[in-house]
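# Structural overview for review
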Amino acid sequence: QVQLVESGGGLVQAGGSLRLACTVSGSIFSINAMGWYRQAPGKQRELVASVTSSGRKNYADAVKGRFTISRDNAKNTVDLQMNSLKPEDTAVYYCNAVIARYYYQTESDYWGQGTQVTVSS
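The text that follows walks through the structure, step by step, so that each part is easy to find. All of these numbers come straight from a predicted model, not from anything done at the bench.

## Considerations on the sheet that holds strand β8 (residues 77-82)
Read from one edge of the open sheet, 4 strands run β1-β3-β8-β7, paired in antiparallel fashion. Bordering the open sheet on either side are β1 (2-7) and β7 (67-72), each of which pairs with just one other strand. Across the sheet, the axes of successive neighbouring strands diverge by a mean angle of 15°, strand direction being ignored. Where strand β3 (residues 18-26) meets β8, 6 bridges bridge the pair, whose relative direction is antiparallel. Among the inter-strand pairings, Arg19 is bridged to a residue of β8, identified as Gln81.

Rendered as structure tokens:
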């Protein structure tokens, strides 16, 4: 069984910072991309940032220059440092990992339970 456990959400004032952390555990052969998505009330889930196993990073335009994604392949963790937060960043943030559980298995998407980030104005 694979688990993605997130931590670090909370309430912060506009202009503040938060750091989200996600740890992947369980029976895993390989992890390809890891990333963070978010979903605000009434909106679709959207990509915030992702990082491949080789370290290539991708950011949504709305967070470029403010958020930084980092990954530790040895620990199977992915973090998201969020600076200069804005009220429009308020959402539930979900950790995502593309995982193959066995060498013969194709990769699948796995998700964390979500962590709430609220930015007050």
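## Observations concerning the nonpolar core
In this structure, Trp36, Leu80, Met82 and Tyr93 are the most contacted members of the largest nonpolar core, which totals 29 residues. Elements represented by at least two residues in this core include exactly β1, β3, β4 (30-39), β5 (46-51), β7, β8, β9 (91-100) and β11 (115-120). The greatest single-element share of this core, amounting to 5 residues, is contributed by β9. Among residues more than four places away in sequence, those in contact with Leu80 are Leu18, Arg19, Leu20, Trp36, Val48, Ala49, Phe67, Thr68, Ile69 and Tyr93.

Conventions and cut-offs
Residues numbered from 1 in each chain as written. Predicted model: local features only at pLDDT ≥ 70, side-chain atom pairs only at ≥ 80, totals over all residues. Heavy atoms only, no water. Pairing = 2+ DSSP bridges. Helix = DSSP H or I, 4+ residues; strand = E, 2+ residues; numbered from the N terminus. Axes fitted to C-alpha atoms, helices over the stretch in contact; angles between N-to-C directions. Core = buried A, V, L, I, M, F, W, Y, C linked by side-chain atoms within 4.5 Å. Buried < 20%, exposed > 50% of the residue type's maximum accessible area, 1.4 Å probe, protein only. Contact = heavy atoms within 4.5 Å.

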